[in-house]
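Summary of the model geometry
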Amino acid sequence: MGKDKNPKLNPFGKSTLPCPICEIETVHIYIKPRLFVERDKDVDYYPRSVRWLKEGLGNLHPRFYYIRYCPKCFFAAGDEIFKNPVESSTISLEKFRKLYISSCLKDPKILKIMQFLAKGIDMKSIDFYQCFRLHLLAILQLQLCEPIATRDATDLGRYCLRLAWLYRDVNSDSNLRKQFSQRINNLLKSLKTVWPELPINEKKSLIMARDYYQVTLSNSYKVDTEVSEINLLYLIARINLKLGNIKEGHEVIALAKEKVRSFQAKIKEYMSLQAQKERAANSKVEQHQKQVNLDKTDEEIAEMAQAGRKLKTLADEMQTNFEDCKDKWQQRQFAICKKIIKSNSNASPEQLREILLNKDIDEAVVEKFCPVTPKKEKKGLFGFLNR
Ligand SMILES: [Zn+2]
């Protein structure tokens, strides 16, 4: 009785995992990954829609199940991170555990915030509000772990990025907004006094995510290969584009592109050495002449070549993303310019320039609408963007 007539339709999977802090075992619930595909990704990877591969599941939100949580010590982390929260950092699990206990569990003020955020969380009936609080919990805990927040901050960046997605969800989905926005606002209001760094909206969460990725890029020993560095650069560029920071995004893309180029040159060099070595081995020259200095195995070179192909695809994709974002940004800037000029019809060109620049209109755009210098040679409007 009460049993699922068709157990195949149960969309939930369960996994029992010990908490990395207190070692208590908890059953974690997730949506089986084969049941859905996230689609139509925004420039910052936000999936705008989900395609369900079985009928009748459309009311589920895969994002709600991302953060795993221990009800005993409140430790919260992303599904792939919970098992080993120090995998992308250079501190040991033992040290992380000690830091968590001293900075979170033994600090009465923080413990109170964690209890407040974790109140009533039940993964069996998770909703947007619970999911939102779990993200805040995971962010707060890592912010208080100094080596993570100042060095190996990839996971912290990821949680902030996903928090930005949740803000986007609640702002764009009228059902979610109706049900939860008031509660979210009240929560933020009461938390802000005790947690001043709390990212209170989508923009602040995106900025925080980008800054944590930047910290990782500059300080983490875990970013130790060209591939990991380039991937991180592109992630930072994506968030800049989403924020509308076109110039910064472009600079990071140009830097990453340069690194992709030099990585590919390196692969080419290795391949040529590999070919030389093969030729020498097959030829009849004296043994001492057969030496070709190659410090990588065939397997390592094949791996590099595969990584190089992936990076090339990523670089092309980023170029397209950049062009799209640049077009939208230009259109926005032009529209704002026209509006300002229309409502300030009595202003002199100098005054107009001043007003436009004060409204954060790009100098190149201002120059197009109110040129200060007479046109001489034909110069691209967005010189910095056309590299
Ligand atoms: Zn625990």
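Residues numbered from 1 in each chain as written. Predicted model: local features only at pLDDT ≥ 70, side-chain atom pairs only at ≥ 80, totals over all residues.

This paragraph deals with the overall build of the protein. Assigned secondary structure in the protein consists of twelve helices and six strands. Overall size of the protein, expressed as C-alpha extent along the three principal axes, is 85 × 75 × 45 Å. By the burial criterion, 28% of the 387 residues in the protein qualify as buried. Long-range contacts, defined as pairs at least 24 residues apart, comprise 59% of the intrachain contacts of the protein with a sequence gap of at least 6. (Helix = DSSP H or I, 4+ residues; strand = E, 2+ residues; numbered from the N terminus. Buried ≥ 20, exposed ≤ 12 C-beta atoms within 10 Å, placed from the backbone. Contact = placed C-beta atoms within 7 Å.)

For an α-helix, the turn length of 3.6 residues means that residues three or four places apart are oriented alike. Taking 1.5 Å as the rise per residue, helix 9 (residues 246-282) with 37 residues should run 54 Å; its terminal C-alpha atoms sit 54 Å apart, in good agreement. When helix 9 is considered as a whole, its buried residues turn out to be I246, G249, H250, V252, I253, A256, V260 and F263. Elements that come into contact with the buried residues of helix 9 comprise helix 8 (226-242) and helix 10 (298-343). (Expected span 1.5 Å × (residues − 1).)

With that settled, the discussion passes to the domain arrangement of the protein. Considered domain by domain, the protein is made up of domain 1 (12-223) and domain 2 (253-385). Of note, the centres of domain 1 and domain 2, computed from C-alpha atoms alone, are 33 Å apart. (Domains from an automatic or database assignment.)

Now for the confidence of the model for the protein. Low-pLDDT portions of the prediction should not be read for the details of their coordinates. For the protein, per-residue confidence averages 89 on the pLDDT scale, and 92% of positions sit at 70 or higher. Long-range and interchain partners of residues 1-5, a stretch whose pLDDT sits below 50, account for one contact in this model, where long-range means more than four residues apart. (pLDDT = per-residue confidence, 0-100.)

The subject of this paragraph is the packing of helix 7 (residues 202-219) against helix 8. Two elements in contact, helix 7 and helix 8, have axes separated by 10 Å at closest approach and are oriented at 160°. Classified by the interaxial angle, the pair formed by helix 7 and helix 8 is roughly antiparallel. Note on packing geometry: the crossing formed by helix 7 with helix 8 is left-handed. Across from L206, A209, R210, Y213, Q214, T216 and L217 in helix 7, the residues of helix 8 making contact are E229, L232, L233, L235, I236, I239, N240 and K242. Of the residues assigned to the contact of helix 7 with helix 8, the class counts are nine nonpolar, three polar and three charged. (Axes fitted to C-alpha atoms, helices over the stretch in contact; angles between N-to-C directions. Parallel < 35°, antiparallel > 145°, perpendicular 65-115°, else oblique. Left-handed = near helix turned anticlockwise from the far one by under 90°. Nonpolar A, V, L, I, M, F, W, Y, C, P; charged D, E, K, R; others polar.)

Within the secondary structure, R279 sits in helix 9. A tally of 12 C-beta atoms within 10 Å means that R279 is categorised as exposed. For the pair R279 and M208, spaced 71 residues apart in the sequence, the C-alpha separation amounts to 53 Å.

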